[in-house]
Amino acid sequence: ENGNLEDGFTLSKFIAAQTALKKCTSVTVTNGVRVEGTSIPLSPPPNNNSGWGDKKSAFCYRISVENVGDHMVVLIGRHWRIHDNGSNLLHMEIPKGSPGVVGHRPSIEPGERFVYASGCDLPSRSGWIGGSFQMIASVPPSQRGEMEESFDAIVEPIPLIRDASP
């Protein structure tokens, strides 16, 4: 009987964690490139004197770029917009065409993915990050049809929510 109660609490915690994770996730597919982004809030240091300054929130985000298409793609650049919900203004922008991601310009074969993590901070408790990855598709001219050789793989806004954790 006690074991069932413990199992119930464990399951409840797991469901709460998955629900919180879903609130901070976006998934988009563009021209056979599936981009999934998930964010989690980071805890401030106990004595907020270690470089956080006025920043109210910091986030880690994980990006998975998966090739669900039929041809190799290369991620050559990115464009990020980070918005702060506190002022509803653009907090920071990384211009379109900024080279690669985290020092890489990955070639991604069909069925493979490239995953990386990074972070950002905000002056408020919530916001979002989104934009695009500039991609080149390795598609033979005879098979291109409507698919462009280069395209933007859209990154739908990924919510940045300080209080999303269960």
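Scope of this entry: the structure provided in the associated data block. As the structure is a computational prediction, the values presented were derived from the model and not from experiment.

Before going further, it helps to spend a moment on the nonpolar core. With 26 residues, the main nonpolar core has Val 33, Ile 63, Val 65, Trp 80, Tyr 116, Phe 133 and Met 135 as its most contacted residues. Those elements that provide at least two residues to this core are strand E2 (33-42), strand E3 (57-67), strand E4 (73-84), strand E7 (113-122), strand E8 (126-137) and strand E9 (150-161). Looking at this core, the element that brings in the most residues is E9, giving five residues. Discounting chain neighbours no more than four positions away, the residues touching Met 135 are Val 33, Val 65, Val 73, Val 74, Leu 75, Ile 76, Glu 149, Ser 150, Phe 151 and Ala 153.

Here the focus is unusual backbone geometry. Of note in this structure, Asn 31 is not a glycine but carries a positive phi near 50°. Following the sequence through the fold, Asn 31 ends up in the loop between strand E1 (25-30) and E2. A relative accessible area of 38% places Asn 31 in the partly exposed class. You will see that Val 102, though not glycine, has its phi angle at about 40°, which is positive. Note that Val 102 resides in the loop between strand E5 (89-99) and strand E6 (107-108).

The rules behind the values
Residues numbered from 1 in each chain as written. Predicted model: local features only at pLDDT ≥ 70, side-chain atom pairs only at ≥ 80, totals over all residues. Heavy atoms only, no water. Core = buried A, V, L, I, M, F, W, Y, C linked by side-chain atoms within 4.5 Å. Buried < 20%, exposed > 50% of the residue type's maximum accessible area, 1.4 Å probe, protein only. Helix = DSSP H or I, 4+ residues; strand = E, 2+ residues; numbered from the N terminus. Contact = heavy atoms within 4.5 Å.

Purely spatial values, then, with no claim about function.
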